[in-house]
Amino acid sequence: MRKFSIFLSLLLAVTFTVVVLGADGFQRDNDIHTPDYYEHTVRKAFKRGDWNGGKRLLDEGMERYPEVSGLNELAGSFYLHRQQFDDARYYLVRSLRDNNENVLAKQMLVDVEEKTKNYSSAICYVNELLQVNPYWKGLWRRKIALYRKQGNHQEADRLLRRICQIYPNDSTLRHDLAGRLEEQYLHDRKKGNKSATIASLRELIEQNPKNEEYYLSLSNLLLQEGKRSDAIDIADRGVQNIPGSTALVIKKASILAEENRYPRLHLQHIVCPTMWECL
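Residues numbered from 1 in each chain as written. Predicted model: local features only at pLDDT ≥ 70, side-chain atom pairs only at ≥ 80, totals over all residues. Heavy atoms only, no water.

(A) Local environment of the overall build of the chain. For the chain, the count of helices and strands is 15 helices and zero strands. When the 279 residues of the chain are sorted by exposure, 35% land in the buried category. Sequence separation of at least 24 residues holds for 43% of the intrachain contacts in the chain that already meet a minimum separation of 6. Looking at the chain as shown, the accessible area adds up to about 17400 Å², and 53% of this sits on carbon and sulfur atoms. (Helix = DSSP H or I, 4+ residues; strand = E, 2+ residues; numbered from the N terminus. Buried < 20%, exposed > 50% of the residue type's maximum accessible area, 1.4 Å probe, protein only. Contact = heavy atoms within 4.5 Å. Areas by Shrake-Rupley, 256 points an atom, 1.4 Å probe, with all protein chains shown as cover.)

If you want it as structure tokens, here you go:
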């Protein structure tokens, strides 16, 4: 009887241990093998540069959860890193099927389509991102750059001007616009297109009212076109905006003198109010 009691006690102890361990293993299995676990662990592995180790765990996770957005996004990021753009596109698009608001997947799709020169598709994904965050200035600049790569400079310029109106104090956007206008001005001047050059210079002066060269060039072009009053107005505007510019004062005075609106006798006094300033 005593031996039976001991045997029963041992059997109960073993059974309890098995049940506890089994329950513990079941709980850990539920905790570990979830989509969140795979996504969190793989994302950390990729972030620290362990692409191969992360991919092995990702493959395991995708066998269990092939439709989960985060896991497909990570697969897309792996293939984008490897520059296997078709595979990257495939998984990133699958990621959006499960969650169309996956911003990271759309950002990477912009990269994929740009790398593969599918600029229209890249612009479409940019538009979707801008619907979520319309004040994302970096994304607006990305869209402008995509239009330029597409060869659609007219739309890129229109969009750049529009964004500069929305953010008039943004120095980066203003620098972008000034650079583009300068490029357009030089292009028009090289082609000998005076009307387009005049328009470009007017815009440049609006963006950079402290550039003496723009006023002088525009004034000269207007004179060549026979628009003397406009040339005087531009020179006068330059004098107002750049008070220390002797060249602009001389330009304005010489035009007025040629029109006999100032006697030549007084031209020196307009340019040099005192004899000592001219010495």
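(B) Spatial organisation of the environment of R94. The topology assignment puts R94 in helix α5 (residues 85-98). In contact with R94, not counting residues within four places along its chain, are M62, P66, E67 and N72. In this structure the side chain of R94 is engaged in a polar contact, spanning 3.1 Å, whose partner is the side chain of Y90. (Polar contact = N/O pair within 3.5 Å; in protein donor to acceptor, adjacent residues only side chain to side chain.)

(C) Layout of helix α11 (residues 194-207). Under the 1.5 Å per step criterion, the end-to-end length of α11 is 20 Å for 14 residues, consistent within 8% with the ideal 20 Å. T197, I198, S200, L201, L204 and I205 are the residues of α11 that are buried. End-on, the buried residues of α11 take up no more than an arc of 165°, which puts them together on one face. Exposed residues on α11 whose side chains face more than 90 degrees from its buried face are S195 and E206. Elements that come into contact with the buried residues of α11 comprise α10 (171-191), α12 (212-224) and α13 (228-241). (Expected span 1.5 Å × (residues − 1). Arc of directions from axis to C-beta.)

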